[in-house]
Amino acid sequence: MSLAGRELILGVTGSIAAYKAVYLLRELTQLGAGVTVCLTEHAGEFVGPLTFRTLSGRPVLTDLFDPQSADAVEHVALAERAHAVLVAPATANLLAKAAHGIADDFLTTLLLAARSPVLMVPAMDGGMWEHPAVVANVATLRARGVTVLEPDAGALASGLSGKGRFPEPDAIVEALRRLLAPVRDFAGERLLITAGPTREPIDPVRYISNRSSGKMGYGLAAAALRRGAQVTLIAGPTQITPPPGAVFVPVQTAEEMREAVLQHLSSATVVIKAAAVADYRAKHPSAAKIKGKRDLTLELTPNPDILAEVAGRRTGAFVVGFAAETHDVAANARAKLEAKGIDLLVANDVSQRGIGFDADENEVLLLDRWGGTRALPRMPKSAVADAILSHTLAVRAAAATRKAVR
Ligand code: CTP
């Protein structure tokens, strides 16, 4: 993986190892990467901005920058476009702020704005790397998908020796290459993904629906495309723009979703039903707007269970369902998996705040039909999407060998 033409942000924090970031920057620019350096206030005390400016050929972002200025806004946008964000060296203080989403300076603000992979290269003295607070912060960051390199062991600046040294530039560049190399493990797979809510009309202006935002299903579609899959995304009404490259089939009702799914089913190798299908629809939707301020009884009838039908057709596709539960999540999910006859079930507890429905994060349990269960920690839906896709391949491969052995 060449670094030529890659746009990188290099954050430098206040460690004595800040001078080593100068060598790293030189290596990155020699490899053809475009690097914008962001210095924290303390980093600037170790190495001045002029050195970084000269080597990168670009203005250096510092906190002297007015965060309200148009330039600053543009640089935050730059973080959104960068191929990777590198923080080297990363102090214990920076790791703590990043783990907790604190944005009190330019660099930590950029980290929250970044949409690209993040690589942290910690360097710290005096046994800090082993402190439980640092260990916990590193675990949080890793669970969220951030790559945190292990520091080297050896002599430290204080004269002590231990783990905490800034790694050699070659090791950092290698980690960066791995981070930027696209994983194409879904090449050749054809994914059928459903997303969002369905809308069941009551009359021409009213409908029954639910709070699904579609973020999980759209996240899965984007991740699968990135990993080389062909994707058909069948979605109820959402506010999200479909990812470029997907065959997009917009639908409104559960019945329309069912038809679209059955139409695209035969070619799919994996079906993922992330949609929150309305369980009921009005039995007799009114052709005219229902008038009046009087009691109204609405007769509802159940919608077809699309997931159970897909699994029942046994087309050979690996079938993944979702379960929204409010209590006894694992037991209810296991029962649902068996009742619907699917291969993998992603269960989330929708009674918890900040995860699941309409949230940016999710914390899910993955149950497979062969009895396996895996709990994923809370993380952004984009990271959950990648974890579900990886688990899908792993479970399918394990199931194939089990069949071969029997
Ligand atoms: N599902 C479906 N068709 C339906 C209802 C649900 O395909 N009519 C799918 C969803 O896309 C999801 C899974 O079934 O993948 C589980 O949805 P959930 O609402 O949790 O379960 P229900 O089957 O509706 O069961 P219950 O409401 O009783 O918990």
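Predicted model, so just to flag it, every value in this text is computed and none were measured.

Enquirer: Give a detailed account of the sheet that holds strand β17 (residues 344-349), specifying residues and quantitative values.
Expert: Spatial ordering of the open sheet is given by β12-β11-β8-β13-β16-β17-β19-β20, a layout of 8 strands whose pairing is mixed. Edge positions in the sheet fall to β12 (247-250) and β20 (373-375), since each of these pairs with one other strand and no more. Going across the sheet, the axis of each strand differs from the next one's by a mean of 15°, ignoring polarity. Here strand β8 (residues 190-195) runs beside strand β11 (residues 230-235); their pairing, made up of 6 bridges, is parallel. Along β11, the bridge assignment pairs L192 with T232. With respect to the sheet, helix α12 (residues 329-340) is in contact with β16 (318-325), β17, β19 (364-368) and β20, its orientation differing from that of β19 by roughly 40°.

Enquirer: Quick rundown of a nonpolar patch on the surface? Include the residues and the values.
Expert: On the surface, I16, Y19, Y23 and F46 cluster together into a nonpolar patch covering about 440 Å² of accessible area. Taking the relative accessible area as the measure of exposure, Y23 reaches 46% and is therefore partly exposed.

Enquirer: Explain the packing of helix α1 (residues 18-30) against helix α8 (residues 169-180) residue by residue, including any values.
Expert: Remark: α1 packs on α8, axes separated minimally by 10 Å, with the N-to-C direction vectors making an angle of 50°. In terms of orientation, α1 and α8 fall into the oblique class. For the crossing formed where α1 meets α8, the hand is right-handed. Facing α1, whose interface residues are L24, E27 and L28, α8 presents P169, D170, I172, V173 and L176. Of the residues belonging to the contact of α1 with α8, the class tally is 6 nonpolar, no polar and 2 charged.

Parameters and conventions
- Residues numbered from 1 in each chain as written.
- Predicted model: local features only at pLDDT ≥ 70, side-chain atom pairs only at ≥ 80, totals over all residues.
- Heavy atoms only, no water.
- Pairing = 2+ DSSP bridges.
- Helix = DSSP H or I, 4+ residues; strand = E, 2+ residues; numbered from the N terminus.
- Axes fitted to C-alpha atoms, helices over the stretch in contact; angles between N-to-C directions.
- Contact = heavy atoms within 4.5 Å.
- Patch = residues over 30% accessible without salt bridge, like charges linked within 9 Å, V, L, I, M, F, W, Y side chains within 5 Å.
- Areas by Shrake-Rupley, 256 points an atom, 1.4 Å probe, with all protein chains shown as cover.
- Salt bridge = Lys/Arg side-chain N within 4 Å of Asp/Glu carboxyl O.
- Buried < 20%, exposed > 50% of the residue type's maximum accessible area, 1.4 Å probe, protein only.
- Parallel < 35°, antiparallel > 145°, perpendicular 65-115°, else oblique.
- Left-handed = near helix turned anticlockwise from the far one by under 90°.
- Nonpolar A, V, L, I, M, F, W, Y, C, P; charged D, E, K, R; others polar.

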